[in-house]
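# Summary of the model geometry
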Amino acid sequence: MTTLDDLPLRDDLRGRSPYGAPQLDVPVRLNTNENSYPVPEPVVEAIAKAVTAELRDLNRYPDRDAVALRTDLADYLGHGLTSAHVWAANGSNEIQQQLFQAFAGPGRTALGFTPAYSMHPLLALGTGTTWVDGRRGASFDLTAADAAAQVARHRPDLVLLCSPNNPTGTALDPAVLTAVLDVAPGMVVVDEAYAEFARPGTPSALTVLPGHPRLVVTRTMSKAFGFAGGRLGYLAADPAVVDAVQLVRLPYHLSALTQAAARAALAHRAALLGTVEAIKAQRDRIVATLRDRGIRVADSDANFVLFEVGGDQKTAWRGLLDRGVLIRDVGLPGWLRVTAGTPEETDAFLTAIEGLS
Ligand code: PMP
């Protein structure tokens, strides 16, 4: 049998594992921060109709620039943004890959503040970018002065901030973004995949876009919209940034079916985003209940919660799985991450946690 070792694979990819959480068939799946609620029936019908309308024309390539979809996304974001400020792709992972391709790559450096979204260093690897692991404090905190000092020291071509941060769930202090923008010599990306779940008073980096042509905000329909299977991510930035990513995007990267489905979903955003408040209530319930039980928990503005297990996290993860609850070991010694879903899923998780002690 041929193995990877027999192939002329790039040296820097040897011995690596592909990104991905286990996709296990268990009763309660709270490991990938999906929206637990299925797409409501009226939205299913609207998407089916929109997709069907495209089928006869599948002999033709789709709109390469996805202008109608970008217009709808700009309308959703508000803040005076237009289609010229917005770019869309198959998930915000692809958006971020395009940003690495356009602004980083061989001979260039990207910096993120670990622990943050674990795809960021992998995108660096895949694009031949040198990755710098920026540091956080002992409680995963990041101060403006510390962040700015690290950026000033390393002078990265790309800085990745994540707000709310994954895996901690905590929103970024706006002062950190301001300080980083002041010193960063290159692009600054704020990954806002979970922005819709933020607690009131948490400003989006979208408010800072005017006057900052090197700032990019990335968003996704995978989480709050419950559209992870649809694969639709996007960015908002100065129109010049949109021109830049078009230099590296594949032609016709967004299929006609994806564009139609996403537009139909956006047209029904009230129904889709209707689950956000219920999910936030479960998030707050998980945080409060775990804290009542004396467990250390990171503040969360997202649809997930990072908590300390008081021992080896691998053992605790396995113990929960044995009780039918799949959550995420993000590789942080002593900590695990759980997604907030339905009330019943929270019940199952809290019962399973109790059973561990
Ligand atoms: N950013 C963060 C912080 C995430 O947690 C995720 C999903 N795990 C993504 C981006 C990518 O999501 P998608 O490609 O589905 O938009």
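Residues numbered from 1 in each chain as written. Predicted model: local features only at pLDDT ≥ 70, side-chain atom pairs only at ≥ 80, totals over all residues.

### Side note on the pairing of strand S8 (residues 233-237)
As a reminder of what qualifies: Buried residues are those with 20 or more other C-beta atoms within 10 Å of their own C-beta, exposed residues have 12 or fewer, and partly exposed residues lie in between; C-beta atoms are placed from the backbone. Each helix is a run of DSSP H or I of at least 4 residues and each strand a run of E of at least 2, with the numbering of both proceeding from the N terminus. DSSP calls a pair of strands paired once it identifies at least 2 bridges connecting them.
S8 sits mainly inside the fold: five of its five residues count as buried. Side-chain alternation along S8 places Gly233, Leu235 and Ala237 on one buried face and Tyr234 and Ala236 on a second face that is also buried. Direction of pairing for strand S2 (residues 86-89) relative to S8: antiparallel, over a ladder of four bridges. The partner of Ala89 across the bridge, within S8, is Gly233. Two strands pair when backbone bridges link them, and strand S7 (residues 215-220) and S8 are joined in this way by five bridges, in the antiparallel orientation. Within the sheet, the bridge partner assigned to Thr220 lies in S8 and is Gly233.

### Side note on helix H6 (residues 174-183)
Basically, it comes down to this: This entry defines residue contacts through backbone-placed C-beta atoms, with two residues in contact when those atoms are within 7 Å.
All of the buried residues along H6 are Val176, Leu177, Ala179, Val180 and Leu181. Where H6 is buried, its residues contact helix H5 (144-154), strand S5 (158-162), strand S6 (187-191) and S7.

### Looking at the environment of Ser36
Its place among the elements puts Ser36 in the loop between strand S1 (28-29) and helix H1 (41-55). For the pair formed by Ser36 and Thr71, sequence separation is 35 residues and the distance between their alpha carbons is 28 Å. If we ignore the near neighbours within four places in the chain, the residues touching Ser36 are Gly341, Thr342 and Glu345.

### A short note on the site of the ligand
Here is the rule: For each residue, a C-beta atom is positioned from the backbone; the residue is called near a molecule or strand if that atom sits within 6 Å of it. Residues are grouped as follows: Ala, Val, Leu, Ile, Met, Phe, Trp, Tyr, Cys and Pro are nonpolar; Asp, Glu, Lys and Arg are charged; all remaining types, including Gly, are polar.
Around the ligand lies a shell of 13 residues, among which Gly91, Ser92, Ala193, Thr220 and Ser222 are the nearest. Ranked by residue count, the leading element in the shell around the ligand is helix H3 (residues 91-103), at three residues. In the shell around the ligand, the residues fall into four nonpolar, eight polar and one charged.

### Focus on the sheet that holds S5
To keep it simple, the criterion reads: Under this scheme, a helix contributes an axis fitted over its contacting stretch, all axes are lines through C-alpha atoms, and angles between N-to-C directions fall in the 0 to 180 degree range.
Spatially, the seven strands line up as an open sheet ordered S2-S8-S7-S6-S5-S3-S4, and their pairing is mixed. Looking at strand neighbours, the two that pair on one side only are S2 and strand S4 (130-134), the edges of this open sheet. If you compare each strand with its neighbour and ignore which way they point, the axes differ by 20° on average. Across the sheet, helix H2 (residues 67-77) lies against S2 and S8, angled at about 115° from S2, the strand it touches most.

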